[in-house]
Amino acid sequence: MNMKNLYLAILYLLAASTLPFAIASDPSPLQDFCIGVNTPANALFVNGKFCKDPKLVTADDFYFSGLDKARTTESSPVGSNVTTVNVNQIPGLNTLGISLVRIDYGINGQNPPHTHPRATEILLVQEGTLFVGFFSSFPENRLFNKTLNKGDVFVFPEGLIHFQVNIGKQPAVAFTSLSSQNPGVIIIGNTLFGSKPPIDPNVLAKAFQLDPKVIIQLQKKFG
């Protein structure tokens, strides 16, 4: 038997002996939590949203308008305004794993340190100059930062804390796309100091190595 025939024979034996197999995985979370229940009476939600009858679907289920309009930032304590377009605004995004955001920044405005627990984010600067960055996880806690101008793009990896600051002399605008129909957002300051119910100030005082009175002041500000 020559080498070619031997090779074909080996392939045949391997194919003949291969057993059927399946690859499966759990669905990615589409909300903060989805508690399992044993009775339908207690079942109110699914991981995502219920699906509309395909016969009733229209083009409007995939449509949103108005992202060309500037949003005011004057009433924002951080000087920015975030317009979210996820599955709650476009029902057709359900199960598609993507969403969109417009961010308007006033002069010196920022999108403060936050994280998206369910999505990677890619940001495009439409107008202005932004200083952006994200932090790697412990123990390095490395800061990756960049100054972005009109047309520049930057990526924030899933789950990592990141931020954007308008360092230009004019208002700025950016659009971001996220790899989830409902990426979620955890704003670090709001979450830690504005939780309901509040965290014991002594816990945060020790964590941040601050006087508990400072923590109480922060909780009043964010509460």
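Residues numbered from 1 in each chain as written. Predicted model: local features only at pLDDT ≥ 70, side-chain atom pairs only at ≥ 80, totals over all residues. Heavy atoms only, no water.

S.K.: What is the right way to read the nonpolar core from this model?
M.R.: Side chains that are nonpolar tend, in soluble globular proteins, to be buried together. The biggest cluster of nonpolar side chains holds 15 residues, and the ones touching the most others in it are Tyr105, Leu123, Leu130, Val132, Leu148, Phe154 and Phe156. Core analysis: the second largest hydrophobic core is formed by seven residues, Val87, Leu93, Val173 and Phe175 among them. (Core = buried A, V, L, I, M, F, W, Y, C linked by side-chain atoms within 4.5 Å. Buried < 20%, exposed > 50% of the residue type's maximum accessible area, 1.4 Å probe, protein only.)

S.K.: Even after reading the chapter, I still don't get the pattern of salt bridges, so can you show me in this structure?
M.R.: Oppositely charged side chains can form a pair if their charged atoms are brought close together. Counting across every chain of the model gives five salt bridges. In this structure, the salt-bridge partner of Asp32 is Arg118, at a minimum N-O distance of 3.0 Å. Residue Asp32 is found in the loop between helix H1 (3-17) and strand E1 (80-85), and its partner Arg118 is found in the loop between strand E3 (110-115) and strand E4 (121-127); the two are separated by 86 residues along the sequence. Taking the relative accessible area as the measure of exposure, Arg118 reaches 11% and is therefore buried. Taking the shortest distance from any N to any O, the salt bridge between Lys150 and Glu127 comes out at 3.3 Å. Highlighted residues: Lys150 in the loop between strand E6 (143-148) and strand E7 (153-156) and Glu127 in strand E4, separated in sequence by 23 residues. For Lys150, a relative accessible area of 56% corresponds to the exposed category. (Salt bridge = Lys/Arg side-chain N within 4 Å of Asp/Glu carboxyl O. Helix = DSSP H or I, 4+ residues; strand = E, 2+ residues; numbered from the N terminus.)

S.K.: Just checking my understanding: could you explain the side chain of Ser80 for this structure?
M.R.: Secondary-structure assignment places Ser80 in strand E1. Polar contacts involving the side chain of Ser80 include one to the main-chain carbonyl oxygen of Gln110, which spans 2.8 Å. For Ser80, the residues in contact, after removing those within four places along its chain, are Thr73, Asp104, Tyr105, Gln110 and Asn111. (Polar contact = N/O pair within 3.5 Å; in protein donor to acceptor, adjacent residues only side chain to side chain. Contact = heavy atoms within 4.5 Å.)

S.K.: Before we go on, may I ask you to explain the layout of surface pockets in this structure?
M.R.: It is a probe the size of a water molecule, rolled over the atoms, that shows where empty space is left. A volume near 460 Å³ is recorded for the largest pocket. Residue lining of the largest pocket: 25 residues in total, with Val82, Asn111, Pro112, Val185 and Ile187 positioned closest to the centre. Every element with two or more residues in the lining of the largest pocket is listed here: E1, strand E2 (99-105), E3, strand E9 (172-178) and helix H4 (212-222). The class makeup of the residues in the lining of the largest pocket is 11 nonpolar, 12 polar and two charged. (1 Å grid on protein atoms, 1.4 Å probe; cavity = no way out; pocket = protein on both sides within 12 Å on 5 of 7 lines; lining within 4 Å. Points joined across faces, edges and corners; volume = space filled by probe spheres on them. Nonpolar A, V, L, I, M, F, W, Y, C, P; charged D, E, K, R; others polar.)

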